[in-house]
Amino acid sequence: MAEIKNIFDVAGRSMGAQMVRLNTIASNLANAQTKTGSADTAYRPLRTVFETVYETGFNSYSSNGHATVDVSEIIELEREPIKLYEPNNPQADADGYVYGAPVDVDEEMVEMMEASRQYQNNLEVVTTLRALMMRTVNMGK
Amino acid sequence: MNALRQYLDFQASALDIRERRNTLLGSNIANAGTPGYKARDIDFETELQAQIQGPSIATSHKGHLDPDGPSERILFRDPLNPSVDGNTVELSVEQMEFSENTVRYATSLTFLNNRITGLMSAIRGE
């Protein structure tokens, strides 16, 4: 686990975590229409689980306040696949059913908006502080 | 040399505190979506007072607890609208604080710059 040295680590790792989240959302949306022949193999929507990483200490009380985000795990949502009666589908099981991915497109779009906003916020922080740092480097000139 | 340092010290302290606060607010913004994260902040005035006055109790060993140490004064934000997941970051609040803090950082930087240029012209005798 790389250490957190400055605001670039804080914002950069947070942006990385949001990028992972955006990738899982893209996977979910890409698989929104996929169907399979059994309930077990049907696609389940993926979700990232975020976790705070503190520079010092292990919780917010013992830390020095510097904290960034990591994706601790990617989970599959435990949702029942959508059972559809499509006897003409070559993937259908013996009873003529196929199992569609239980992806809620609206929900994924909301997730995507939130992730991209968080990404933008972090980028804004970095841009602002970088400009200030450049001015500080040129102090006294 | 000491006189020069004293001349610049106040604005330099202010700049240092502003930078620390920037990192804290940046951490809050980075954790806006993390469940259970508690937003933290420092009070600029208290920090500046502590910088000027110095520690009230001397610590002679690295294991000693410093009651005035910087980490003892990092406060927790009281959220306007507590959220279900235990996260106390409110982006609107954090963004306002951050933008105010960056402007004040720039102000301190300008003051410091003016002092340095003033000193330089005094040294050159212009």
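Residue positions within a chain follow its written sequence, with the count starting from 1. The lettering of chains begins at A and the numbering of ligands begins at 1, in the order of writing. A pLDDT threshold of at least 70 governs which residues receive local features in this predicted model, and a stricter bar of 80 or more applies before side-chain atom pairs are shown or counted, although totals over entire chains, interfaces and linings include all residues. Here the side-chain values reflect all heavy atoms present in the structure, with hydrogen atoms and water set aside.

Considering the overall build of chain A
Each helix is a run of DSSP H or I of at least 4 residues and each strand a run of E of at least 2, with the numbering of both proceeding from the N terminus. Tallying secondary structure elements over chain A gives two helices and five strands in all. Put simply, the radius of gyration uses C-alpha atoms, and a globule should come to 2.2 Å times the residue count raised to 0.38. Taken over C-alpha atoms, the radius of gyration comes to 22 Å for chain A, far larger than the 14 Å a tight globule of 141 residues would show. Seen through its principal axes, chain A has C-alpha atoms that stretch 80 × 35 × 20 Å. When burial is assessed residue by residue, chain A has 39% of its 141 residues classed as buried. Should any heavy atoms of two residues lie within 4.5 Å, those residues are considered in contact. Partitioning the intrachain contacts of chain A with sequence separation of at least 6 by distance along the chain shows that 63% fall at a separation of at least 24. The Shrake-Rupley method, run with a 1.4 Å probe, gives the accessible areas here. Residue values count only the displayed protein chains as cover. Carbon and sulfur atoms form 54% of the exposed surface of chain A, whose accessible area is close to 8100 Å². Distance between charge centroids for chain A: 11 Å, based on 12 positive and 20 negative side chains. Each residue gets one of three labels from its accessible area relative to the maximum for its type: buried under 20%, exposed over 50%, partly exposed in between, using a 1.4 Å probe on protein chains only. This count recognises Lys and Arg as positive and Asp and Glu as negative, with His and chain-terminal groups excluded. Where a charge lies is defined by one atom per residue type: Lys uses NZ, Arg uses CZ, Asp uses CG and Glu uses CD.

Digging into the overall build of chain B
The helix and strand tally for chain B stands at three helices and two strands. Starting at the N terminus and walking to the C terminus, you meet the elements of chain B as α-β-α-β-α. Rg of the C-alpha trace for chain B: 18 Å, well past the compact-globule value of 14 Å for 126 residues, more than 25% over. Principal-axis analysis of the C-alpha atoms gives chain B an extent of 65 × 40 × 20 Å. Counting every position in chain B, which comprises 126 residues, the buried fraction comes to 37%. Restricting to contacts in chain B with at least 6 residues of sequence separation, those with at least 24 account for 76%. Accessible surface, chain B as shown: approximately 7500 Å² in total, 56% of it carbon and sulfur.

A short note on the nonpolar core
Grouped burial of nonpolar side chains is what soluble globular proteins tend to show. For this analysis, a nonpolar core means a set of buried residues of the types Ala, Val, Leu, Ile, Met, Phe, Trp, Tyr and Cys, connected via side-chain atoms within 4.5 Å. Among the nonpolar cores identified, the biggest contains 16 residues, and A:Val125, A:Leu129 and B:Phe98 are the most heavily contacted of them. Among the elements of the structure, helix H1 (7–30) and helix H2 (105–137) of chain A together with helix H1 (2–30) and helix H3 (91–124) of chain B are those that each provide at least two residues to this core. With five residues, H3(B) is the largest single contributor of residues to this core. Excluding anything up to four places from it in sequence, A:Val125 contacts A:Ile7, B:Gly26, B:Ile29 and B:Phe98. In this structure, B:Ala14, B:Ile42, B:Phe44 and B:Leu48 belong to the second largest nonpolar core, which totals seven residues.

A word on a nonpolar patch on the surface
Together, A:Val105, A:Met109 and A:Met112 make up a nonpolar patch on the protein surface, roughly 220 Å² of accessible area in all. Tracing the sequence through the fold places A:Val105 in helix H2. For patches, a residue must show more than 30% relative accessible area and have no salt bridge; joins then use 9 Å for like charges and 5 Å for nonpolar side chains, namely Val, Leu, Ile, Met, Phe, Trp and Tyr. We define a salt bridge as a side-chain nitrogen of Lys or Arg found within 4 Å of a carboxyl oxygen belonging to Asp or Glu.

Remarks on the packing of aromatic side chains
All names here are of chain B. Ring pairs are drawn from Phe, Tyr and Trp, using the six-membered ring of Trp, whenever the two centres fall within 6.5 Å, and their geometry is named by plane angle: stacked under 30 degrees, edge-to-face over 60, tilted for the rest. One pass over the full model with this rule turns up one aromatic pair over all chains. Arg-18 extends its terminal NZ or CZ atom over the ring of Phe-44, reaching a point 3.7 Å from the ring centre. Two conditions define a charge located above a ring, namely a distance within 6 Å from the ring centre to NZ of Lys or CZ of Arg, and an angle within 35 degrees of the ring normal. In this arrangement the basic side chain of Arg-115 is found over the ring face of Tyr-7, its NZ or CZ atom lying 4.5 Å from the centre.

Details of the sheet that holds strand S5 (residues 97–100) of chain A
Residues and elements named next belong to chain A. Read across the sheet, three strands follow the order S1-S5-S4 without closing on themselves; strand pairing throughout is antiparallel. Single-partner strands in this sheet number two, and they are strand S1 (35–36) and strand S4 (82–85). Pairing geometry for S4 and S5, over four bridges, is antiparallel. Each bridged residue has a counterpart across the sheet, and for Tyr-85 the counterpart in S5 is Tyr-97. Two strands qualify as a pair provided that DSSP identifies no fewer than 2 bridges between them.

What to know about the interface of chain A and chain B
Each side of the interface is counted separately: chain A has 28 residues, and chain B has 28 residues. Two parts lose some accessible area (1.4 Å probe) when they are put together, and adding that loss for both gives the buried area. Each partner contributes to the roughly 2400 Å² buried at the junction of chain A and chain B, and carbon and sulfur atoms together form 63% of this total. Counting every contact that joins chain A to chain B gives zero salt bridges. The term polar contact refers here to a pair of N or O atoms within 3.5 Å; inside protein, the definition further demands a hydrogen-donor-capable atom paired with an acceptor-capable atom, and it admits residues adjacent in sequence only when both atoms are side-chain atoms. For the interface between chain A and chain B, the tally reads eight residue pairs in polar contact (both at pLDDT 80 or more). Among the elements of the structure, H1, strand S2 (46–54), strand S3 (67–76) and H2 of chain A are those that each provide at least two residues to the side of chain A that touches chain B. Residue polarity follows a fixed list, in which Ala, Val, Leu, Ile, Met, Phe, Trp, Tyr, Cys and Pro are nonpolar, Asp, Glu, Lys and Arg are charged, and the others, Gly among them, are polar. Class assignment of the residues belonging to the side of chain A that touches chain B gives a composition of eleven nonpolar, 14 polar and three charged.

Focus on the side chain of A:Thr68
Mapped onto the elements, A:Thr68 comes out in strand S3. Only 2.7 Å separates the side chain of A:Thr68 from the backbone oxygen of A:Val10, close enough to count as a polar contact. For A:Thr68, the side chain forms a polar contact with the main-chain nitrogen of A:Ser14, separated by 3.5 Å. Apart from residues lying up to four places away in sequence, A:Thr68 is in contact with A:Ile4, A:Asp9, A:Val10, A:Arg13, A:Ser14, A:Glu51, A:Thr52, A:Val53 and B:Asn31.

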